[in-house]
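# Summary of the model geometry
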Amino acid sequence: LGGTGTTGYDWQIWIFEKARAYFSDSKLVLNDYGLENDPTAINEMLGLVAVLRDRGLIDGFGSQAHYFNVDQMAANPTTLKQRLDLMASGGVPVYITELDLKGSAQNETSQESAYKSVFPVFWEHPAVAGITLWGTIEGQTWASGTGVFNNDGSKRAAMRWLESYMAGQAD
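Please read all numbers here as calculations on a predicted model, not as lab measurements.

Side-chain alternation along strand β2 (residues 60-63) places Gly60 and Gly62 on one buried face and Phe61 and Ser63 on a second face that is also buried. Bridging between strand β1 (residues 29-32) and β2 involves 4 bridges; their strand directions are parallel. Residue pairing for β2: Asn31 is matched across the bridge by Gly62. In the sheet, β2 pairs with strand β3 (residues 94-99) via 3 bridges, with the strands oriented parallel.

Structure follows, in structure tokens:
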């Protein structure tokens, strides 16, 4: 991330300054992928988060949470929580910006199982301010096996579980 200049992040600061000036009513979120299973990458992001946060230029830390990082964490949600804790140490809300899961066997049953294991860790974490599902219709997503709806509009098992889980949550 670095760059030249006095902070090592001068070009990123410039970009966020321009974004803040031109889009003053927008939430500015630093967003990246591949973080959940890479604490070194999280720590690199936290360096930039601190510089931007201290200048009032950032409103959140975003993690894309794609299947290729997160599916493997379904077997150990405690590690996922630890990584969210690390992200939260940046002192800004955490946003899960592109959540998609396939599950270890990459079928509907394992997708549902992955959501059951992972989604509550994100949802119940006090620093997570929002979760966006990424590519919801199977066959129309960026990666096959990640949709929570079938192409005909019917709900896959993961979506039925998500609806049930969310119905049980307090408003």
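Another point: the confidence of the model for the protein. Per-residue pLDDT for the protein has a mean of 94; in total, 97% of the residues score no lower than 70. Mean pLDDT in the protein bottoms out at helix α1 (residues 10-22), which sits at 94, and peaks at helix α4 (residues 77-88), which reaches 98.

Two elements in contact, α1 and helix α2 (residues 39-54), have axes separated by 10 Å at closest approach and are oriented at 45°. Judged by the inter-axis angle, α1 sits oblique to α2. When the axes of α1 and α2 are compared, the crossing they make is right-handed. Across the interface between the two elements, Gln12, Ile13 and Phe16 of α1 pack against Leu48, Val51 and Leu52 of α2. Considering only residue class, the contact of α1 with α2 consists of 5 nonpolar, 1 polar and no charged.

Rules behind the numbers
- Residues numbered from 1 in each chain as written.
- Predicted model: local features only at pLDDT ≥ 70, side-chain atom pairs only at ≥ 80, totals over all residues.
- Heavy atoms only, no water.
- Buried < 20%, exposed > 50% of the residue type's maximum accessible area, 1.4 Å probe, protein only.
- Helix = DSSP H or I, 4+ residues; strand = E, 2+ residues; numbered from the N terminus.
- Pairing = 2+ DSSP bridges.
- pLDDT = per-residue confidence, 0-100.
- Axes fitted to C-alpha atoms, helices over the stretch in contact; angles between N-to-C directions.
- Parallel < 35°, antiparallel > 145°, perpendicular 65-115°, else oblique.
- Left-handed = near helix turned anticlockwise from the far one by under 90°.
- Contact = heavy atoms within 4.5 Å.
- Nonpolar A, V, L, I, M, F, W, Y, C, P; charged D, E, K, R; others polar.

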